[in-house]
Amino acid sequence: MSEVNPIPLILTAIGSICATVAVLGYYGYLHIAKPEDALLLSEFTMLKTVPGEDYKVSLKPASQVAQCIDGVLVMFDLEQKGLSGVLVDRRKQAVRCSEGQ
């Protein structure tokens, strides 16, 4: 019996993995997150509304949009496409919302 040289098999497997990662990255199915992709919750503040009192907000809208999906508040960033996340409190509990209101 002759022994099979494993080096070509190993190189083929490594090459296949590299080619797959390259193709997935080229077509946009692979995203490597960077620190600047994250939004800090400390950048947001909840303004408490009190009946009869005025509050001031900027006329320029934020670059994030919130949407109610399956009863959970999901935020989307308009500047960084593909960046989205569920809004949670300090105990990692999802902020709920009412759809259709």
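Given the structure is predicted, the values throughout are model-derived calculations rather than measurements. (Residues numbered from 1 in each chain as written. Predicted model: local features only at pLDDT ≥ 70, side-chain atom pairs only at ≥ 80, totals over all residues. Heavy atoms only, no water.)

A. Representation of the overall build of the chain in the model. Secondary structure assignment for the chain yields one helix and three strands. Residues counted as buried form 8% of the 101 residues belonging to the chain. Within the chain, residue pairs in contact and separated by at least 24 positions form 31% of the contacts whose partners lie at least 6 positions apart. Just so you have it, the chain exposes about 9400 Å², and 61% of that area is on carbon and sulfur atoms. (Helix = DSSP H or I, 4+ residues; strand = E, 2+ residues; numbered from the N terminus. Buried < 20%, exposed > 50% of the residue type's maximum accessible area, 1.4 Å probe, protein only. Contact = heavy atoms within 4.5 Å. Areas by Shrake-Rupley, 256 points an atom, 1.4 Å probe, with all protein chains shown as cover.)

B. Representation of the pairing of strand E1 (residues 64–69) in the model. Where E1 meets strand E2 (residues 72–77), six bridges bridge the pair, whose relative direction is antiparallel. Its bridge partner being in E2, cysteine 68 is matched across the sheet by leucine 73. Between E1 and the antiparallel strand that follows it, E2, lie two residues; aspartate 70 among them carries a positive phi value of about 55°. (Pairing = 2+ DSSP bridges.)

C. How the structure looks around helix H1 (residues 6–26). Spanning 21 residues, H1 covers 30 Å between terminal C-alpha atoms, matching the ideal 30 Å at 1.5 Å per step. One or two residues past the end of H1 sits glycine 28, with phi positive at roughly 85°. (Expected span 1.5 Å × (residues − 1).)

D. Geometry of the pairing of E2. Bridge count for E2 against strand E3 (residues 84–86) is three bridges, and the pairing is antiparallel. Paired with methionine 75 across the two strands is glycine 85, which belongs to E3.

E. Broad picture of the confidence of the model for the chain. Residue-level pLDDT values for the chain average 81, and 84% of them are 70 or greater. Looking across the chain, the model is least confident in E3, with a mean pLDDT of 80, and most confident in H1, with 94. (pLDDT = per-residue confidence, 0-100.)

F. The environment of methionine 75, seen in detail. Tracing the chain through its elements places methionine 75 in strand E2. Among the residues examined, methionine 75 registers a relative accessible area of 15% and is labelled buried.

G. Structural context of unusual backbone geometry. A positive phi angle, close to 55°, is found at aspartate 70, a residue other than glycine. Position of aspartate 70 among the secondary structure elements: in the loop between E1 and E2. Residues other than glycine seldom take positive phi values, yet lysine 92 does so here, at roughly 65°. Along the chain, the position of lysine 92 falls in the segment after E3. Among the residues examined, lysine 92 registers a relative accessible area of 69% and is labelled exposed.

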